[in-house]
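What the coordinates show
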Amino acid sequence: MHICVVGAGVVGLTTAYFLQSEGHRVSIVDREPAPGLGASGANGAQLSYAFVAPLADGSIPARLPALLLSRHAPLRVHDLAHLRWALQFLKHANRRAARDTTEALLRLAELSREFIEPLIEGERIECNFTRGGKLVVYPDLKSLDAARAQLTYQAALGTRGQVVLSATQCIEREPAIAGYLGGIAGGVWTPAEASADSGAFCARLAELLAQRGAEVHLGRTVSRIDHADGLVRALVTAAGPLRADAYVLAAGAAAAELGRTAGIDLPILALKGYSITVQPEKGATLPRASITDMRRRIVFAPLGDRVRVAGFVEIGNDDRSIPPRRIGALLDATREVLGYSVIDGELRQWTGLRPATPSGRPIIGRTPLPNLYLNVGHGALGWTLAAGSARLVCDVIAGRAPTIPMAPFQLSPQEVIHAQRLSYSAPPTAR
Ligand SMILES: Cc1cc2nc3c(=O)[nH]c(=O)nc-3n(C[C@H](O)[C@H](O)[C@H](O)COP(=O)(O)OP(=O)(O)OC[C@H]3O[C@@H](n4cnc5c(N)ncnc54)[C@H](O)[C@@H]3O)c2cc1C
């Protein structure tokens, strides 16, 4: 079958890779001049299989005034779409929903681990892949206790190997944060986590796909999904239509816009974030693990002789500007947590839009149009979840029973625009 994937980010490219490896002819189309220039470009680099709890959790209702009304409120309600997203987000902001989502995402993350690491190593994709573990450090005993409770919960679900460390044990484990001892009450160490540069991964994987016969159409914007009589006929672009037997929408934060042209109302909103990639001064200790500082919610990941530093969540802000105060805050965090006094060389600044659903779960699989499939809405975890999500799309297209239950990731009938008069009921779950 000839399958065209919209989006050359980490989600679209892994989907194309696994579809190609199952014998399909694949085409990929992206509006950018190179692969991986969307959210996958310079993200936090964490393959963080055990830290998947959604943003919407039971703590949100109490924090609502600050989220909406404070001077630096991250949640901006500009229009009706934002308001609808925010209301759905609140519907999921309770303990029960957060636990269901965590459970589903842990399964998807495990599936991803099973496929992404052999893909990177087996295909020799140079992207500074490191199985260095992950250390999450907490500023006070209250937050450390909450983390301990989450560990106990996740251990019951099968997450193995996570341990709580004292502040001194954190420093022994990760000497790069020795100067930050006074800033932490303790941490959680997860040995089986990894990190890698998803932007480099996208560039290499696109080359590999092209070498193996994929058509990669770059610099080509899909303005509309042309459909008639219940089937997609073509992807409309200024340079002419792109036709295939089936299509996979993997357009990141822009998926909602394109989805609407096919009668699908995807609840995806951009969560804007920032990163810098720094080269520490000679003699400075580079981190061995990836590190999350929970005081600021900023992550640090080793990428060869550089360190990626990423953070911030601005809800519903989709402009691509990079305010100097955000870069200043990332630099301050780097100096305080890693102790780098001077940061040599080029400082690579970046911003990206996380494609977020209100529940925190991606939307994967079928649509009312039988030859259109979705792989969208991976929020803050797209690099971690890409390979598992791609495998699920392959399962659905092949008509196989999915490897893990699909129900948590399916498009709900409410997400179909009724005006399009498409009859749709969610397909039965295979397992
Ligand atoms: C600051 C930050 C830190 C993050 N850290 C991590 C992390 O540590 N670990 C992790 O797992 N995840 C992380 N993420 C999330 C992760 O980066 C995203 O979930 C992931 O990149 C989404 O991949 P994608 O392929 O869906 O989207 P994208 O990478 O955005 O790709 C979508 C592609 O679709 C193309 N496109 C869109 N519309 C059209 C159109 N109409 N026509 C043609 N092409 C189109 C775009 O150009 C783009 O290239 C982070 C994100 C940010 C912003």
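Residues numbered from 1 in each chain as written. Predicted model: local features only at pLDDT ≥ 70, side-chain atom pairs only at ≥ 80, totals over all residues. Heavy atoms only, no water.

1. So, the site of the ligand
As a structural note, the neighbourhood of the ligand is formed by 35 residues, with D30, S40, G44, G379 and T384 the closest of them. Take V11: an N or O atom from its main chain is 3.1 Å from an oxygen atom of the ligand. In this structure, T384 approaches the ligand through a main-chain N or O atom, which is 2.7 Å from an oxygen atom. Considering the ligand on its own, with 1000 Å² of exposed area, one finds that the protein chains cover 96% of that surface. Every element with two or more residues in the shell around the ligand is listed here: helix 1 (10-21), strand 12 (269-280), strand 16 (343-356) and helix 10 (382-398). The dominant element in the shell around the ligand, judged by the number of residues it contributes, is strand 16, at four residues. When its residues are assigned to classes, the shell around the ligand shows 15 nonpolar, 15 polar and five charged. (Near = heavy atom within 4 Å. Polar contact = N/O pair within 3.5 Å; in protein donor to acceptor, adjacent residues only side chain to side chain. Areas by Shrake-Rupley, 256 points an atom, 1.4 Å probe, with all protein chains shown as cover. Helix = DSSP H or I, 4+ residues; strand = E, 2+ residues; numbered from the N terminus. Nonpolar A, V, L, I, M, F, W, Y, C, P; charged D, E, K, R; others polar.)

2. Description of the sheet that holds strand 8 (residues 215-217)
Overall, mixed pairing links the six strands, which are arranged 8-2-1-11-18-17 in an open sheet. With partners counted over all chains shown, the strands left at the sheet margins are strand 8 and strand 17 (363-366), one partner each. When strand polarity is set aside, the average angle formed by the axes of neighbouring strands in this sheet is 15 degrees. Where helix 1 meets the sheet, its contacts fall on strand 1 (2-6), strand 2 (25-29), strand 11 (246-249) and strand 18 (372-376), and the angle it forms with strand 2 comes to roughly 170 degrees. (Pairing = 2+ DSSP bridges. Axes fitted to C-alpha atoms, helices over the stretch in contact; angles between N-to-C directions. Contact = heavy atoms within 4.5 Å.)

3. Some details on the environment of A386
You can see A386 is positioned in helix 10. A386 gets classed as buried once you look at its relative accessible area, which sits at 0%. Along the primary structure A386 and G12 are separated by 374 residues, whereas in three dimensions their C-alpha atoms are 8.4 Å apart. (Buried < 20%, exposed > 50% of the residue type's maximum accessible area, 1.4 Å probe, protein only.)

4. Things to note about a nonpolar patch on the surface
Together, L80, L83, L87 and L90 make up a nonpolar patch on the protein surface, roughly 370 Å² of accessible area in all. Looking at where L83 falls in the secondary structure, it is placed in helix 3 (residues 80-92). (Patch = residues over 30% accessible without salt bridge, like charges linked within 9 Å, V, L, I, M, F, W, Y side chains within 5 Å. Salt bridge = Lys/Arg side-chain N within 4 Å of Asp/Glu carboxyl O.)

5. A closer look at helix 3
Taking 1.5 Å per residue, 13 residues should reach 18 Å; helix 3 reaches 19 Å between its end C-alpha atoms and fits that length. Along helix 3, the residues that are buried comprise H82, W85, A86, F89 and H92. The arc that holds the buried residues of helix 3, viewed along the axis, is 120 degrees, so those residues lie on one side. Turned more than 90 degrees away from the buried face of helix 3 sit L80, L87 and K91, all of them exposed. (Expected span 1.5 Å × (residues − 1). Arc of directions from axis to C-beta.)

6. Describing the pattern of salt bridges
This structure, assessed with the given rule, holds 21 salt bridges. Salt-bridge contacts for E103 lead to R107; the nearest nitrogen and oxygen are separated by 3.9 Å. Residue E103 and its partner R107 are located together in helix 4 (residues 95-122), separated by four residues, close to a single helical turn. A relative accessible area of 31% means that E103 is categorised as partly exposed. Its relative accessible area of 33% is what places R107 among the partly exposed residues. Overlapping salt bridges bring together E22, R391, D395 and R400 as one network.

Purely spatial values, then, with no claim about function.
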